[in-house]
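Working through the structure, step by step
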Amino acid sequence: MKRLDRRKFLMLAGLSASAIAGGVLLTRRQEGELATEIGLPLREPPLLKVRRSEPGLVEAEIIASRLTTRLAGLTVQALAYNETVPGRTLRLQEGEQVRLTFTNHLDVPTNLHTHGLHISPEVDNPFVLVMPGKSRLHEFTLPKGSAGTRWYHPHPHGKVATQQFAGLSGAIVIENPLDKIPELQAAEEHLLIFKDFTISNGRVEADHSLLDWFGKYGNLPLVNGAYQPRLIAQKATLRLRLLNASNARPYLLKLEDHPLNLIATDDGFIEKPIVLEQLLLAPGERAEVMVQLEQPGSFSLLNIAENPQSLGLEMLEPLLTIVAPVNPQPTPLPTRLATVEEIDLSQVVQTRQFKFGGTAPFSYTINGRTFNMERVDARVQVNTLEIWEIENTTSLIHPFHLHTYPFQILARQKAQSNVWQPEPFRAWRDNINLPAKEKVRIAIPFRDITGRTVFHCHISEHEDRGMMAVLEVTS
Ligand code: C2O
Ligand code: CU
Ligand code: CU
């Protein structure tokens, strides 16, 4: 979890032109307006209003529209869900039946993807478009294992990058009885959505230049739409839900003077807290960490980025300041969280290989082909177990994401190595960073649900330009 490929990212424009590429990126960085509000108290997206008219049933509506809002102190035209950027948080309980109506008030087609939910692709369907003025009902029940931090965002092929960059994303927080563990209850919970923006001429600059198709970065790395906000802690033990809703920017997070205690990955709790000095959050990825503030003071949550001016040198990008209570008395961390099933690998029926490649920034491929929604790239039988080996043959990062079916990482292989390094702990995920020239081996139980869906790189520019494939699970 400790690698960041910003340097490689900068070299992507061609080895001979890497310095120029750095210069170009630098120029682009200065293009956007600067924040006019810095260090305001952290605000979290408001909760999405839901109706619970009968026990176990939840109704909610998500509306996409273009509007004028404020980001980093600037008045800006953006795309929003329910009039906030990022969108309102949909808070649900495991087992609930959900009737979610999505309405498109944009002037272009879009759709809604509920990222990380193990529900039918007929409901969470990346292939349908919702035309301007139209609605679509998503009706589903949250199965066991749904608890955790999920999110929603647009998924219209070829248009994800511009719509997401302009502001469309929101969190889904699902709870189950494990959230009642006393040590978790005693902690102060916050949601941090990392999403970078470029703002110019009073609007989010979501248009893409040729270079942006490598993966568009904004010059303002915002947290919940604010620039370097301050989290003023009332309690000394924090539970932070983290979501990377950025198109392309990975965050290598570090908190000054404090370790991060990982308690959950994309798809829920791990078995017990794991102490990390740094945590990599790739685009699309979520994690939950706990922090114990032992001393008073202010501590920066930093993104360890590489400085584009001096290739290879680290630059610490402050994202958020945590202000500890005056006399902090941290409560203990939980010692046990969930039981994460050990997948029985003797049941594997098939091993597949996928190579992520292409000719950036023009097109991106999986096994040499760009996305075609009519072509099925992987046919799988429901309720079977498979191993997938995914290889990044390029010098960019490619965060792999699979819809509908959570998986576990078995092992990773570093660049220029033939050794598979076993994953140090078990965790359910739907998203995994794949650094340049690395391989990852994952186990996927294709449980319960049939249908046609997709897997792709979660850098939305790469996805839009072909790095996506069709999975069909049949009975
Ligand atoms: Cu979050 Cu197919 O995506
Ligand atoms: Cu998804
Ligand atoms: Cu990619």
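Residues numbered from 1 in each chain as written. Chains lettered and ligands numbered in written order. Predicted model: local features only at pLDDT ≥ 70, side-chain atom pairs only at ≥ 80, totals over all residues. Heavy atoms only, no water.

1. Considering the coordination of the copper ion (ligand 2)
Protein coordination at the copper ion (ligand 2): the donors are His113 (NE2) and His401 (NE2), at 1.9 Å from the metal. Taken together, the residues span a long stretch of sequence, with histidine 113 in strand β6 (residues 113-115) and histidine 401 in strand β27 (residues 400-402) at a distance of 288 residues. When sorted by exposure, histidine 113 lands in the same class as histidine 401, which is buried. (Donors = N, O, S within 2.8 Å, 3.2 Å for Na, K, Ca; no water. Helix = DSSP H or I, 4+ residues; strand = E, 2+ residues; numbered from the N terminus. Buried < 20%, exposed > 50% of the residue type's maximum accessible area, 1.4 Å probe, protein only.)

2. A closer look at the environment of serine 460
Looking at the element boundaries, serine 460 is found in helix α5 (residues 460-464). The class of serine 460 is buried, set by a relative accessible area of 0%. Residues serine 460 and glycine 284, spaced 176 residues apart in sequence, show a C-alpha to C-alpha distance of 9.4 Å. Within the local environment of serine 460, its side chain forms a polar contact with the side chain of glutamine 164, the two groups lying 3.1 Å apart. (Polar contact = N/O pair within 3.5 Å; in protein donor to acceptor, adjacent residues only side chain to side chain.)

3. Some thoughts on the pattern of salt bridges
Throughout the structure, instances matching the rule amount to 36 salt bridges. A salt bridge links glutamate 37 to arginine 70; its shortest N-O distance comes to 3.4 Å. Taken together, the positions of glutamate 37 in the loop between α2 (18-31) and β1 (50-51) and arginine 70 in strand β2 (residues 57-71) put the pair 33 residues apart, joining distant regions of the chain. Residue classification places glutamate 37 among the partly exposed residues on the basis of a relative accessible area of 30%. Among the charged side chains, a salt-bridge network with shared partners connects Arg91, Glu175, Asp179, Glu189, Arg239, Arg241 and Glu288. (Salt bridge = Lys/Arg side-chain N within 4 Å of Asp/Glu carboxyl O.)

4. Quick look at the nonpolar core
Ile62, Leu71, Tyr81, Leu92, Leu100 and Phe140 are the most contacted members of the largest nonpolar core, which totals 41 residues. Broken down by secondary-structure element, the contributors of at least two residues to this core are β2, β3 (74-81), β4 (87-93), β5 (97-104), β9 (170-175) and β13 (220-223). In contact with leucine 100, not counting residues within four places along its chain, are Ala60, Glu61, Ile62, Leu90, Leu112, Thr114, Arg136, Leu137, His138 and Phe140. Residues Phe214, Ile409, Ile444 and Phe446 belong to the second largest nonpolar core, which totals 33 residues. (Core = buried A, V, L, I, M, F, W, Y, C linked by side-chain atoms within 4.5 Å. Contact = heavy atoms within 4.5 Å.)

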